[in-house]
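Survey of secondary and tertiary structure
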Amino acid sequence: MTKRQHAKALALACLFALAAATQVSAEDARGRELLNALGCKACHQLEGSGGALGPALDGVGQRLGAEQINKQITEPASANPSTMMPSYAHIPEEDLKALVDFLATLK
Ligand code: HEC
């Protein structure tokens with residue numbers, strides 16, 4: 001590789017890294033926005049803010065996989081028939097996905 005090609009490859013690699021980082025933080029922001037907008041934080045804490053009716057969501061991605069998180073959000077009564085958590089099965093598919101993806105990254 002010539003010096004010039006090398007510089008070009010390096011610049012491209014930086015661009016890709018930047019694009020990937022931007023993508024992640026946009027998803028992250030959407031997940032946080034939904035947690036607030038859907039009222040999850042009335043019952044759940046995240047990073048020290050929120051209610052205490054449910055368990056804190058910090059590290060939830062370590063306790064539950066994406067499938068389980070999805071199930072908890074859409075059919076909370078399946079895990080606990082007398083749960084206080086309402087079902088969010090009615091929210092748009094892409095919001096559900098963003099929320100589940102975000103929660104699954106909390107490790
Ligand atoms: C009215 C209170 C309430 C609201 C609102 C609520 N939850 Fe929950 N949630 C609970 C309770 C209580 C539990 C504990 C398990 C149970 O009793 O079902 C729980 C459990 C969970 C769990 C499993 C946590 C773990 O560590 O096992 C997840 C994930 C979760 N909720 C996500 C959400 C999300 C996302 C929202 C908003 C879309 C939400 N909850 C809204 C009360 C609530």
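Everything in this summary refers to the structure shown in the same document. Along each chain, residues carry numbers from 1 onward, in the same order as the chain's sequence is written. Totals for whole chains, interfaces and linings use all residues, but because this is a predicted model, local features are given only for residues with pLDDT of at least 70 and pairs of side-chain atoms are given and counted only at 80 or more. Here the side-chain values reflect all heavy atoms present in the structure, with hydrogen atoms and water set aside.

**A word on the coordination of the iron atom of the ligand**
Stated formally: The rule for donors is simple: an N, O or S atom within 2.8 Å of the metal counts, and for Na, K and Ca the reach is 3.2 Å. Water is not among the atoms, so a site may look short of donors. The rule is simple: four donors are tetrahedral if all their angles sit between 85 and 135 degrees, four are square planar and six octahedral if opposite donors span more than 155 degrees and the others lie between 65 and 115, and anything that fits none of that is irregular. The numbering of helices and of strands both runs from the N terminus, where a helix is a DSSP run of H or I of at least 4 residues and a strand a run of E of at least 2.
Coordination sphere of the iron atom of the ligand, protein contribution only: His44 (NE2) and Met85 (SD), at 1.9 to 2.2 Å. Each of the six donor atoms bound to the iron atom of the ligand contributes to angles spanning 87 to 178°, and the resulting shape is octahedral. Of this pair, His44 sits in the loop between helix H1 (3-37) and strand E1 (45-46) while Met85 sits in the loop between helix H4 (76-79) and helix H5 (93-104), and the two are 41 residues apart along the sequence.

**Some remarks on the packing of helix H3 (residues 66-74) against H5**
Threshold: All axes are obtained by fitting lines to C-alpha atoms, using only the stretch in contact for helices, and the reported angles, taken between N-to-C directions, cover 0 to 180 degrees. What sets the label is the angle itself: under 35 degrees gives roughly parallel, over 145 gives roughly antiparallel, 65 to 115 gives roughly perpendicular, and the rest give oblique. Here a crossing is called left-handed whenever its near helix is offset anticlockwise from the far helix by less than a right angle, and right-handed whenever the offset is clockwise. Pairs of residues are marked as contacts when any of their non-hydrogen atoms sit within 4.5 Å. Under this grouping Gly is polar, as are all residues other than the nonpolar Ala, Val, Leu, Ile, Met, Phe, Trp, Tyr, Cys and Pro and the charged Asp, Glu, Lys and Arg.
H5 packs onto H3 with a crossing angle of 130° between their chain directions and a minimal axis gap of 9 Å. Taken together, the axis directions place H3 and H5 in an arrangement best described as oblique. Considering the relative orientation of H3 and H5, their crossing is right-handed. Where H3 abuts H5, its residues Ala66, Ile69, Asn70, Ile73 and Thr74 lie against Leu96, Leu99, Val100, Leu103 and Ala104. A class-by-class count of the residues in the contact of H3 with H5 yields eight nonpolar, two polar and no charged.

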